[in-house]
Amino acid sequence: YLLYLVFGAVVFSSVELPYEDLLRQELGKLKQRFLEEHSCLQEQQLEQFLMRVLEASNYGVSVLSNASGNWNWDFTSSLFFASTVLSTTGYGHTVPLSDGGKAFCIIYSVIGIPFTLLFLTAVVQRIIVYVTRRPVLYFHIRWGFSKQVVAIIHAIVLGFITVSCFFLIPAAIFSVLEDDWNFLESFYFCFISLSTIGLGDYVPGEGYNQKFRELYKIGITCYLLLGLIAMLVVLETFCELHELKKFRKLFYVKKDKEEDQVHIMEHDQLSFSSISDQAASMKDDQKANEPFVTSQSPTSNDSSLNN
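Residues numbered from 1 in each chain as written. Predicted model: local features only at pLDDT ≥ 70, side-chain atom pairs only at ≥ 80, totals over all residues. Heavy atoms only, no water.

Asks: I tried to follow the overall build of the protein chain on my own but got confused; where do I start?
Replies: A tally of regular secondary structure across the protein chain gives 10 helices and 0 strands. Along the protein chain, from the amino end to the carboxyl end, the secondary structure elements read α-α-α-α-α-α-α-α-α-α. Evaluated residue by residue, the protein chain yields a buried proportion of 23% over its 307 residues. For the protein chain, the accessible area works out to roughly 23100 Å², and carbon and sulfur atoms hold 66% of it. (Helix = DSSP H or I, 4+ residues; strand = E, 2+ residues; numbered from the N terminus. Buried < 20%, exposed > 50% of the residue type's maximum accessible area, 1.4 Å probe, protein only. Areas by Shrake-Rupley, 256 points an atom, 1.4 Å probe, with all protein chains shown as cover.)

Asks: Just to check I follow, could you spell out the pattern of salt bridges for this structure?
Replies: Once the charged atoms of two side chains with opposite charge are near each other, the side chains can pair. Taken as a whole and assessed by the stated rule, the structure comprises 6 salt bridges. Glu 55 is the salt-bridge partner of Arg 52, the closest N and O atoms lying 3.4 Å from each other. With Arg 52 and Glu 55 both in helix H2 (residues 43-58) and 3 residues apart, this pair spans about one turn of that helix. Residue class for Arg 52 comes out exposed when judged on its relative accessible area of 55%. For Glu 55, a relative accessible area of 38% corresponds to the partly exposed category. (Salt bridge = Lys/Arg side-chain N within 4 Å of Asp/Glu carboxyl O.)

Asks: Is there a simple way to think about the environment of Leu 244 in this case?
Replies: Structurally, the position occupied by Leu 244 is in helix H8 (residues 242-249). Residue contacts for Leu 244: discarding those within four places in its chain leaves Phe 238 and Cys 239. (Contact = heavy atoms within 4.5 Å.)

Asks: Help me understand the confidence of the model for the protein chain, please; the structure alone is not making it clear to me.
Replies: Atomic detail in the predicted coordinates should be set aside for any region of low pLDDT. Averaged over all residues, the pLDDT of the protein chain is 82; the fraction at 70 or higher stands at 79%. Averaged pLDDT values for the elements of the protein chain fall to 42 in helix H10 (residues 298-306) and rise to 95 in helix H6 (residues 183-194). Note on residues 264-276: pLDDT under 50 across the span, and 0 contacts to partners over four residues away in sequence or across chains. Taken as a whole, residues 287-307 scores under 50 in pLDDT and shows 1 contact with residues more than four places along the chain or in a different chain. (pLDDT = per-residue confidence, 0-100.)

Asks: Honestly, the UniProt feature "transmembrane region" (unreviewed entry) in the protein chain in this entry has me stumped. Any pointers?
Replies: Annotation from UniProt places "transmembrane region" (unreviewed entry) at residues 106-128, 149-174, 186-203 and 215-235. Helix makes up 100% of residues 149-174 and strand 0%, with an end-to-end C-alpha separation of 36 Å. (UniProt positions renumbered as here; feature names shortened; annotations may be inferred.)

Asks: Got a minute to help me understand the packing of helix H5 (residues 147-177) against helix H7 (residues 213-239) in this structure?
Replies: Any two packed helices are characterised by the angle at which their axes cross and by the distance between the axes. Where H5 contacts H7, the two axes come as close as 10 Å, and the packing angle between them is 160°. Comparing the axis directions of H5 and H7 gives the class roughly antiparallel. For the crossing formed where H5 meets H7, the hand is left-handed. Residues His 154, Ala 155, Ile 156, Leu 158, Gly 159, Thr 162, Phe 166, Phe 167, Pro 170, Phe 174 and Leu 177 of H5 form the contact with H7, whose own contacting residues are Tyr 216, Ile 220, Tyr 223, Leu 226, Gly 227, Ala 230, Met 231, Val 233, Val 234, Thr 237 and Phe 238. Here the contact of H5 with H7 is composed, by residue class, of 17 nonpolar, 5 polar and no charged. (Axes fitted to C-alpha atoms, helices over the stretch in contact; angles between N-to-C directions. Parallel < 35°, antiparallel > 145°, perpendicular 65-115°, else oblique. Left-handed = near helix turned anticlockwise from the far one by under 90°. Nonpolar A, V, L, I, M, F, W, Y, C, P; charged D, E, K, R; others polar.)

Asks: Explanation requested: H5 in the structure shown.
Replies: Each full turn of the α-helix corresponds to 3.6 residues, which orients residues three or four apart in the same direction. Taking 1.5 Å of rise per residue, the 31 residues of H5 would be expected to cover 45 Å, and the 43 Å separating its terminal C-alpha atoms lies within 8% of that figure. Along its length, H5 shows its largest kink, about 35°, at Ser 164. (Expected span 1.5 Å × (residues − 1). Bend = angle between axes of the 7 residues up to and from the residue.)

Asks: Where do I start with a nonpolar patch on the surface in this structure?
Replies: There is a patch of nonpolar side chains on the surface, built from Val 163, Leu 168, Ile 169, Ile 173, Val 176, Leu 177 and Phe 183 and spanning about 610 Å² of accessible area. Secondary-structure assignment places Phe 183 in helix H6. (Patch = residues over 30% accessible without salt bridge, like charges linked within 9 Å, V, L, I, M, F, W, Y side chains within 5 Å.)

Asks: How should the packing of H6 against H7 be read in this particular structure?
Replies: Across the interface, H6 lies against H7 with an axial gap of 9 Å and an inter-helix angle of 70°. For the element pair H6 / H7, the angle class is roughly perpendicular. The element H6 and its partner H7 pack so that their crossing is right-handed. Of the residues in H7, those in contact with Cys 190, Ser 193 and Leu 194 of H6 are Tyr 223, Leu 224, Gly 227, Leu 228 and Met 231. Its residues assigned to classes, the contact of H6 with H7 shows 6 nonpolar, 2 polar and no charged.

Asks: Can you walk me through empty space enclosed by the protein in this structure?
Replies: A probe as big as a water molecule, rolled over the atoms, marks out the empty space that is left. Throughout the structure, instances matching the rule amount to 2 cavities of 30 Å³ or more. The volume enclosed by the largest cavity comes to roughly 50 Å³. Trp 71, Asn 72, Ser 77, Phe 80, Phe 81, His 93, Thr 94, Glu 206, Arg 213 and Lys 217 are the residues that line the largest cavity. Of all the secondary structure elements, the ones that give two or more residues to the lining of the largest cavity are helix H3 (75-86) and H7. With 3 residues, H3 is the largest single contributor of residues to the lining of the largest cavity. Considered class by class, the residues forming the lining of the largest cavity number 3 nonpolar, 4 polar and 3 charged. Lining the second largest cavity we find Ser 87, Thr 89, Ser 193, Thr 196, Leu 224 and Leu 228. Split into classes, the residues belonging to the lining of the second largest cavity amount to 2 nonpolar, 4 polar and no charged. (1 Å grid on protein atoms, 1.4 Å probe; cavity = no way out; pocket = protein on both sides within 12 Å on 5 of 7 lines; lining within 4 Å. Points joined across faces, edges and corners; volume = space filled by probe spheres on them.)

Structure, rendered in structure tokens:
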């Protein structure tokens, strides 16, 4: 796992570092040109202004005139924010500004995230009965196919349907509705969102003069919840495959069989001895309580036979 982390760090660093360097050089040139064209402005004043603008941008507030019409805390935007918090996606493009909002966000998340996990678990466990288990049993019992083969084919088909309905088709729709997104960027947003990574570099509905923005935000909220349920159903389906169960057992902690057998033998000996003791005592009590049965000595029996 550590090697995999190091591998990811090396790849990201080698791919992204040149682009970061180019962007830094471009920003430096733009800043220098702006100061040359406006000689009355000091560099320190420009730095303070840019610092304030960037700080406001981190809170989802933009100084640009074309973005001033979009409010971050109207009802639909707040509903979208609540869904991203409870699903642990957390894009980070909008965050609470006030101390009261931050305190409420903590309390709301502490209660809401476990409740969301419970809700998703309950929904997935009910859906998977009709989506996975019954179809597999139907083909296994009705047509006589191997249950393992049917489960593998079903998992592959279900995964393909989920990718098509919640990744490919929404990516095509987002690439049309969002002016600055191509298909790859839209697919990237769908994956980052439904995997609950939520980097926040692409957030839909934040463009200038977005048509039907309130309805669009509600639709995205529904898409995230349904997509998250679909992803969990697919994961649960693959986890129920026999091959994956065998693979997971390789990492389980195995108990020492000799110790287990010793404990079992001790319990069995104790139970057998206690049962035998109880049986013997019950027989003695039964003989003592029988009024018409008397014990006869061997001599009396012999005399009776001789007579």
